[in-house]
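Breakdown of the fold
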Amino acid sequence: MKALDWSRCPEIESIPGKVSGAWVFRGTRIRRTECRPAPRRLKNGALLIVAEEAGFDLLITADQELAYQQNLPPDALPPLS
């Protein structure tokens, strides 16, 4: 099977040094942000509120039950577990 020539597709890009130069959809790269430790002693959804106020768009967590443990409004910061 012949390899596809992704360079002709305007929706795909490859930037040397980024993701090893792999071809990805334009506009899907996640900008690297400063890793900050979570504030201590926040309970009952306060961490989600603080993260939203700080301008975060997504909360990455290992807690797969977070959505069930918190009463999240529809417009809440979406957790990714």
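Residues numbered from 1 in each chain as written. Predicted model: local features only at pLDDT ≥ 70, side-chain atom pairs only at ≥ 80, totals over all residues. Heavy atoms only, no water.

**Considering the overall build of the chain**
To keep things clear, this is the line we draw: Put simply, DSSP H or I for four residues or longer makes a helix, DSSP E for two residues or longer makes a strand, and each gets a number counted from the N terminus. Contacts are assigned to residue pairs with any non-hydrogen atoms lying within 4.5 Å of each other. Throughout, the Shrake-Rupley method with a 1.4 Å probe supplies accessible areas, and for residues the shown protein chains are the sole cover considered.
Scanning the chain from terminus to terminus reveals two helices and four strands. For the chain, the α and β elements follow one another from N to C terminus as β-β-α-β-α-β. For the chain, the share of sequence-separated contacts (at least 6 apart) that also reach a separation of at least 24 residues comes to 11%. Summed over all atoms, the accessible surface of the chain reaches about 7500 Å², with 54% contributed by carbon and sulfur.

**Regarding the nonpolar core**
Selection criterion: Residues enter a nonpolar core if they are buried and are Ala, Val, Leu, Ile, Met, Phe, Trp, Tyr or Cys, with the set joined through side-chain atoms within 4.5 Å. Burial classes: relative accessible area under 20% of the type maximum marks a residue as buried, over 50% as exposed, and values in between as partly exposed (1.4 Å probe, protein chains only).
In this structure, Leu-48, Ala-51, Leu-59, Leu-66 and Leu-77 together form the largest nonpolar core, which totals five residues. Ala-51 has contacts with Phe-56 and Leu-77, leaving out every residue within four places of it along the chain.

**Structural notes on the side chain of Glu-13**
Let me state the cut-off plainly: Throughout this description, a polar contact denotes any pair of N or O atoms lying within 3.5 Å of each other; where both atoms belong to protein, one of them has to be capable of donating a hydrogen while the other can accept it, and for residues adjacent in sequence the pair is counted only when both atoms sit in side chains.
Along the chain, the position of Glu-13 falls in strand E1 (residues 12-13). Within the local environment of Glu-13, its side chain forms a polar contact with the side chain of Arg-26, the two groups lying 3.1 Å apart. Discounting chain neighbours no more than four positions away, the residues touching Glu-13 are Ala-22, Trp-23, Val-24, Arg-26, Gly-27 and Arg-29.

**As for the confidence of the model for the chain**
Low-confidence regions, as indicated by low pLDDT, have predicted coordinates that should not be scrutinised in detail. The cut-off we apply is this: Confidence of the predictor at the level of single residues is captured by pLDDT, which takes values from 0 to 100.
Across the chain, pLDDT averages 75, with 75% of residues at or above 70. When mean pLDDT is compared element by element in the chain, E1 scores highest at 88, while strand E4 (residues 79-80) scores lowest at 69.

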